[in-house]
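# Structural features, examined
Residues per chain are reported as follows:
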Amino acid sequence: MEWLRETQWLWWIAGALVLGLIEIASLDLVFFMLAVAAVAAAVAAGLDQSITVQVLTFVATAALLLAVLRPVALRKIKPEGEGDRTNADALVGRTAVVLQEVTDRTGLVKLTGEEWTARTAPGTVLAVDQTVQVVRIEGATAVVESTAAASAESASTDAQRPDHDASGNHTAGNHTAGNHPGNHAPDPDSR
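Residues numbered from 1 in each chain as written. Predicted model: local features only at pLDDT ≥ 70, side-chain atom pairs only at ≥ 80, totals over all residues. Heavy atoms only, no water.

### A few points about the nonpolar core
For clarity, the cut-off: We call a set of buried Ala, Val, Leu, Ile, Met, Phe, Trp, Tyr and Cys residues a nonpolar core when their side-chain atoms join them within 4.5 Å. In this scheme, a residue with accessible area under 20% of its type's maximum is buried, one over 50% is exposed, and one in between is partly exposed, where area comes from a 1.4 Å probe on protein chains only. A run of H or I in DSSP counts as a helix once it spans at least four residues, and a run of E counts as a strand once it spans at least two, with each numbered from the N terminus. Here a residue-residue contact requires only that any non-hydrogen atoms of the pair lie within 4.5 Å.
With 14 residues, the main nonpolar core has Val102, Val109, Leu111, Trp116, Val132, Ala142 and Val144 as its most contacted residues. Counting only elements with at least two residues in this core, the list comes to strand 1 (95-100), strand 2 (108-111), strand 3 (114-119), strand 4 (131-138) and strand 5 (141-146). The biggest single contributor to this core is strand 4, with 3 residues. The contacts of Ala142, once residues within four sequence positions are left out, are Leu111, Trp116, Thr117, Ala118, Arg119, Val134, Arg136 and Ile137.

Put into structure tokens, the structure is as follows:
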């Protein structure tokens, strides 16, 4: 039993190595924090502390690292936010040109230099050479709509805003041409 007491620090180091290997597979920083805690427990074992102190060192270090260091590290490694869109997500919002009439069942568009099968909303037909906008990607099919429809949708959104009129013009503060505060017509009596 004496050899077990003398090699406790080796068991903690072995545990740290195993946890490190698991971290390499998971990449979520949980097992890395546990591996560092196991190294701290190995240090306690190397200082001839009891197994109770070693376990408490492991638990306290792991809790501290998981609660404090891991969130900070994750923010640095994986910043929040949308980030750059890639793959199919990067195509949403792009324009394409209709190569073959697009309906809700068939169609073909040229998108980023490549031919894509395309579909549109039921009851809508998009003619050849028409410019369209990609609404979403479903598998290998681009769901598109007319750029005129996309513009009309944007204008209707602007018209619903209280600082825009029905034509989408900015009207904040009800300022019209020639009727800005400070632009008063000269008072005929002030001459």
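### Description of the side chain of Glu23
Convention followed: In this tally Asp and Glu are treated as negative and Lys and Arg as positive; neither His nor the chain ends contributes. Think of a salt bridge as a Lys or Arg side-chain nitrogen and an Asp or Glu carboxyl oxygen that are within 4 Å of each other. Any pair of N or O atoms that falls within 3.5 Å is considered a polar contact. Within protein, one atom must be able to donate a hydrogen and the other to accept it, and sequence-neighbouring residues count only if both atoms are side-chain atoms.
Topologically, Glu23 is positioned in helix 2 (residues 8-26). Arg70 is the oppositely charged side chain nearest to the buried, salt-bridge-free Glu23, at an N-O distance of 7.0 Å. Looking at Glu23, its side chain comes within polar contact range of the main-chain nitrogen of Asp28, at 3.1 Å. Not counting chain neighbours up to four residues away, the residues in contact with Glu23 comprise Asp28, Leu29, Val30, Phe31 and Phe32.

### Focus: the side chain of Thr120
One can find Thr120 in the loop between strand 3 and strand 4. Assessed through its relative accessible area of 8%, Thr120 is described here as buried. Only 3.0 Å separates the side chain of Thr120 from the backbone oxygen of Val144, close enough to count as a polar contact. Setting aside chain neighbours within four positions, we find Thr120 in contact with Val102, Thr103, Asp104, Leu126, Val144 and Glu145.

### Here we look at the packing of helix 2 against helix 3 (residues 30-46)
Just so we agree on the cut-off: Axes here mean lines fitted to C-alpha atoms, for a helix over just the part in contact, with angles spanning 0 to 180 degrees between N-to-C directions. Should an angle fall under 35 degrees it is called roughly parallel, over 145 degrees roughly antiparallel, and 65 to 115 degrees roughly perpendicular, with every other angle called oblique. Gly falls in the polar group here, along with every residue not listed as nonpolar (Ala, Val, Leu, Ile, Met, Phe, Trp, Tyr, Cys, Pro) or charged (Asp, Glu, Lys, Arg).
Packing of helix 2 against helix 3 leaves a shortest axis separation of 8 Å and a crossing angle of 170 degrees. With respect to helix 3, the axis of helix 2 lies roughly antiparallel. Judged by residue contacts, Gln8, Trp9, Trp12, Ile13, Ala16, Leu19, Gly20, Ile22, Glu23 and Ser26 of helix 2 engage Val30, Phe31, Phe32, Leu34, Ala35, Ala38, Val39, Ala41, Ala42, Ala45 and Gly46 from helix 3. Per-class residue counts for the contact of helix 2 with helix 3 are 16 nonpolar, 4 polar and 1 charged.

### Thoughts on the pairing of strand 2
Definition in use: We treat two strands as partners when DSSP finds at least two bridges between them.
Because side chains alternate across strand 2, one face comprises the buried residues Val109 and Leu111, and the other comprises Leu108 and Lys110, none of which is buried. Bridge count for strand 1 against strand 2 is 3 bridges, and the pairing is antiparallel. Looking at the pairing, Gln100 lines up with Leu108 of strand 2. As paired strands, strand 2 and strand 3 are joined by 4 bridges and run antiparallel to one another. Note on strand 3: the bridge partner recorded for Leu108 is Thr117. In textbook terms, the turn of a hairpin is the stretch between consecutive antiparallel strands, and for strand 2 and strand 3 this stretch comprises 2 residues, one of which, Thr112, has a positive phi near 50 degrees.

### Some remarks on the sheet that holds strand 3
Spatial ordering of the closed barrel is given by 1-2-3-5-4, a layout of 5 strands whose pairing is mixed. When strand polarity is set aside, the average angle formed by the axes of neighbouring strands in this sheet is 55 degrees.

### Some words on helix 2
One full turn of an α-helix is made of 3.6 residues, so residues set three or four places apart face in the same direction. Which entries qualify depends on this criterion: What a helix is expected to span follows from its residue count: subtract one and scale by 1.5 Å. The arc in question is the one traced by the directions running from the helix axis out to the C-beta atoms.
In this model, helix 2 (19 residues) spans 27 Å end to end at C-alpha, consistent with the 27 Å of a helix rising 1.5 Å per residue. The complete set of buried residues in helix 2 reads Gln8, Trp12, Ala16, Leu19 and Glu23. Projected down its long axis, helix 2 carries its buried residues within an arc of 80 degrees, all on one side. The exposed set on the far side of helix 2, more than 90 degrees from its buried face, consists of Trp11, Leu17, Leu21, Ile24 and Ala25.

### Description of unusual backbone geometry
Note: most residues except glycine have negative phi, and most peptide bonds are trans. Although it is not a glycine, Leu27 adopts a positive phi angle of roughly 55 degrees. In this fold, Leu27 is placed in the loop between helix 2 and helix 3. Overall, Leu27 belongs to the exposed group, its relative accessible area being 59%. Positioned with a positive phi, Asp129 is a non-glycine residue whose angle comes to about 70 degrees. Tracing the chain through its elements places Asp129 in the loop between strand 3 and strand 4. What makes Asp129 exposed here is its relative accessible area of 62%.

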